[in-house]
Amino acid sequence: MLLDRRRVKFWQKIVFGFMAFLVVGYSGVLNGCTWFNSAQQDATQLLNQQIVKNKAATVATPTDPAAWTALAEAYLSRSATDTKGSTALTADLNSAAAAYAKADKLLAKQKGQAAKAQRLTVLQSLASVYSQAGDAQAAARVYGDITGLTPKDPQAFLQLGTASITAGDTNTALLAFTTFLQLDPSSTEAAAVKDWIKQNSPKSTPTATATPSPSPTK
């Protein structure tokens with residue numbers, strides 16, 4: 001299984017941060033459960049307050065992508081403290097995705113390399129959130145948008161191919177991986193990609209020059 005390294009690293013940072021919090025909390029257990037429970041409540045309260053603050057910022061400046069990005073990140077931070085499989089986790093991830101999508105729409109209207117770089121960062125985060133939420137099709141659509149912005153970046157096509165496999169879209173994965181091999185034939189992932197293509201190709205290989213078209217993000 002090909003790994004989306006950027007997605008893994010992104011969530012590793014969140015998981016490690018939360019684990020660090022748990023370690024501190026566990027130390028508190030040694031000194032008394034009351035302290036630990038109080039620390040949890042304080043952390044949750046701070047996250048809630050940050051979300052409220054960032055929501056207010058989006059109301060005050062609704063066309064500022066930075067405000068929407070900050071709101072998305074606040075929801076994402078709180079999601080790291082939610083119970084796995086809980087409705088709270090689903091709600092926080094959906095809210096984070098909605099805020100990132102809003103930031104993306106605003107950045108798409110701006111011109112210049114700085115805006116493009118910011119948009120790529122937002123799209124990577126949005127794809128990661130969709131993946132975490134289990135919406136592989138939405139994640140693949142976002143990676144399609146990324147390839148549209150960076151048509152010469154092999155990593156973008158590798159991510160699109162991997163997400164498309166998860167989404168069950170073999171045709172898009174074949175096209176994405178074929179383009180990836182064209183752009184970076186000596187990649188360390190090339191052998192695995194070639195094997196996957198060989199195992200999943202129909203009688204005729206997709207046109208090598210075909211590039212998956214990006215779809216609008218949610």
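Read on for an overview of the structure.

Conventions used here
- Residues numbered from 1 in each chain as written.
- Predicted model: local features only at pLDDT ≥ 70, side-chain atom pairs only at ≥ 80, totals over all residues.
- Heavy atoms only, no water.
- Helix = DSSP H or I, 4+ residues; strand = E, 2+ residues; numbered from the N terminus.
- Buried < 20%, exposed > 50% of the residue type's maximum accessible area, 1.4 Å probe, protein only.
- Contact = heavy atoms within 4.5 Å.
- Areas by Shrake-Rupley, 256 points an atom, 1.4 Å probe, with all protein chains shown as cover.
- Expected span 1.5 Å × (residues − 1).
- Phe/Tyr/Trp six-rings, centres within 6.5 Å; stacked < 30°, edge-to-face > 60°.
- Axes fitted to C-alpha atoms, helices over the stretch in contact; angles between N-to-C directions.
- Parallel < 35°, antiparallel > 145°, perpendicular 65-115°, else oblique.
- Left-handed = near helix turned anticlockwise from the far one by under 90°.
- Nonpolar A, V, L, I, M, F, W, Y, C, P; charged D, E, K, R; others polar.
- Salt bridge = Lys/Arg side-chain N within 4 Å of Asp/Glu carboxyl O.

1. Here's the deal with the overall build of the protein
The helix and strand inventory of the protein stands at nine helices and zero strands. Going from the N terminus to the C terminus, the protein shows its helices and strands as α-α-α-α-α-α-α-α-α. In the protein, which comprises 218 residues, the proportion classed as buried is 40%. For the protein, restricting intrachain contacts to residue pairs at least 6 apart in sequence, the fraction spanning at least 24 positions comes to 57%. Accessible surface for the protein amounts to roughly 12,100 Å². Of this, 57% is attributable to carbon and sulfur atoms.

2. Topic: helix α5 (residues 113-132)
In this model, α5 (20 residues) spans 29 Å end to end at C-alpha, consistent with the 28 Å of a helix rising 1.5 Å per residue. For α5, the complete set of buried residues consists of A115, R119, L120, V122, L123, Q124, S125, L126, A127, S128, V129 and Y130.

3. Here's the deal with the packing of aromatic side chains
Scanning all chains against the criterion turns up one aromatic pair. With centroids separated by 5.3 Å and ring planes inclined at 75°, the aromatic side chains of F177 and W196 adopt a geometry described as edge-to-face. Pair noted here: F177 is in helix α8 (residues 170-183) and W196 is in helix α9 (residues 190-200), with a separation of 19 residues, a long-range link. No difference in accessibility class separates F177 from W196, as the two residues are buried.

4. What about the packing of helix α7 (residues 154-167) against α8?
Any two packed helices are characterised by how steeply their axes cross, that is the angle between the axes, and by the distance between the axes. At a minimum axis separation of 8 Å, α7 and α8 run at an interaxial angle of 155°. On the basis of the axis angle, α7 is roughly antiparallel to α8. For α7 against α8, the interelement crossing comes out left-handed. Counting all contacts with α7, which are made through P154, F157, L158, L160, G161, T162, S164 and I165, the residues of α8 involved are T172, A173, A176, F177, T179, F180 and L183. Considering only residue class, the contact of α7 with α8 consists of ten nonpolar, five polar and no charged.

5. Points about the pattern of salt bridges
All told, the structure shown has two salt bridges when counted by the stated rule. Close ionic contact of D92 with R78 constitutes a salt bridge, the shortest N to O distance being 2.7 Å. Linking D92 in helix α4 (residues 87-108) with R78 in helix α3 (residues 65-79), this pair joins segments that are 14 residues apart in sequence. In this structure, the salt-bridge partner of D104 is R119, at a minimum N-O distance of 2.5 Å. Residue D104 is located in helix α4, and its partner R119 is located in helix α5; the two are separated by 15 residues in the primary sequence. Residue class for D104 comes out buried when judged on its relative accessible area of 2%.

6. Points about the environment of L93
Mapped onto the elements of the fold, L93 is located in helix α4. Residues L93 and S131, 38 residues apart in the sequence, show an inter-C-alpha distance of 10.0 Å.

7. Notes on the packing of helix α6 (residues 136-149) against α7
Axis separation between α6 and α7 bottoms out at 8 Å; the angle between their running directions is 160°. Here α6 is positioned roughly antiparallel relative to α7, judged by the angle of their axes. For the element pair α6 and α7, the recorded crossing hand is left-handed. Packed against α6, whose contacting residues are A136, Q137, A139, A140, Y143, G144, I146 and T147, the element α7 presents A156, F157, Q159, L160, A163, S164, T166 and A167 at the interface.

By themselves, these are just geometric observations and shouldn't be taken as functional.
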